[in-house]
Amino acid sequence: MATSINTDGVMNMLQFMKLIGQLKRVPRTGWVYRNVKQPESVSDHMYRMSIMALTIPDNNVNKERCMKLALVHDMAECIVGDIAPSDNISKAEKHRREEASMQQLTGLLQEGSRKEIYELWEEYENQTSAEAKLVKEFDLLEMILQAHEYEELEGTPGRLQEFFNSTQGRFQHPGVIQFVKSLNEQRAVHMAVGNGSSGCSETKEPDN
């Protein structure tokens, strides 16, 4: 049976949904800084991560939990925006801002949802479960898949190499590694056909 919500609760839920809706209008900073036309939103990024969680061939992880983690992990950005390393904000300060935003957001929800969403966010931030670690790999995988797609759309093979460099050695899940291998093979063909350079060889943390 559905639980009724009082008037204040309904208004809070409406405010929560409006704030979450901002994620559809927050562009991913890394692409903005690299002058990508029509860069994806944070919401776009989280959606495809959720699909990755749904379709990963692994019966040893809780796929439903992975999907929830993917949907929650960047939720704070509807308030603080997508803070990138090149913004010169320390990781500690970034965490503090996002933690405050999550408290503000979840404070609009009823107790059950408030606790679940905030704890999911903490689980991802602290990487305290196999699911959180896998979703972090999805975060990186989605980033390089998107980078490859932008290179294809722009006809600029290799331009976003730094994003690929930043993920080297960070994939552990066999299914993800297999996907990355296939992606790199496809990208190599694209680069060879386009006679593009490999781009920046310097390994650094990307802005996404």
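Residues numbered from 1 in each chain as written. Predicted model: local features only at pLDDT ≥ 70, side-chain atom pairs only at ≥ 80, totals over all residues. Heavy atoms only, no water.

As annotated in an unreviewed UniProt entry, the protein is 5'-deoxynucleotidase HDDC2 from Esox lucius. As recorded by UniProt, the Subunit (unreviewed entry) comment attached to the protein reads in full: "Homodimer." (UniProt positions renumbered as here; feature names shortened; annotations may be inferred.)

Chemist: Mind showing me how you'd approach the overall build of the protein here?
Modeler: Across its full length, the protein holds ten helices and zero strands. Scanning the protein from its N terminus toward the C terminus, one meets helices and strands in the order α-α-α-α-α-α-α-α-α-α. Taking 2.2 N^0.38 as the reference for a compact globule, 208 residues should give roughly 17 Å; the C-alpha atoms of the protein span a radius of gyration of 18 Å, in line with that estimate. Along the longest, intermediate and shortest principal axes, the C-alpha atoms of the protein span 60 × 40 × 30 Å. Evaluated residue by residue, the protein yields a buried proportion of 44% over its 208 residues. Approximately 11,400 Å² of the protein is accessible, and the part contributed by carbon and sulfur atoms is 51%. (Helix = DSSP H or I, 4+ residues; strand = E, 2+ residues; numbered from the N terminus. Rg over C-alpha atoms; globule rule 2.2 N^0.38 Å. Buried < 20%, exposed > 50% of the residue type's maximum accessible area, 1.4 Å probe, protein only. Areas by Shrake-Rupley, 256 points an atom, 1.4 Å probe, with all protein chains shown as cover.)

Chemist: What's the story with helix 7 (residues 111-126) in this structure? I'm lost.
Modeler: Side chains that are three or four residues apart share a direction in an α-helix, a result of its 3.6 residues per turn. With 16 residues, helix 7 ought to run about 22 Å at 1.5 Å a step, and its terminal C-alpha atoms sit 22 Å apart, in line with that. Every buried residue of helix 7 is listed here: Ile117, Tyr118, Leu120, Trp121, Glu123 and Tyr124. Buried positions along helix 7 lie against helix 1 (7-21), helix 4 (63-72), helix 6 (91-106) and helix 8 (130-154). Looking one or two residues past helix 7, Gln127 carries a phi angle of roughly 50°, positive in sign. (Expected span 1.5 Å × (residues − 1). Contact = heavy atoms within 4.5 Å.)

Chemist: Explain the pattern of salt bridges here, please?
Modeler: Oppositely charged side chains can form a pair if their charged atoms are brought close together. Evaluated as defined, the whole model comprises 15 salt bridges. Note that Glu154 and Arg159 form a salt bridge whose closest N and O atoms lie 2.9 Å from each other. With relative accessibility at 31%, the residue Glu154 sits in the partly exposed group. According to the relative accessible area criterion, Arg159 is partly exposed, its value standing at 34%. Through salt bridges with shared partners, one network takes in Arg48, Glu142 and Glu149. (Salt bridge = Lys/Arg side-chain N within 4 Å of Asp/Glu carboxyl O.)

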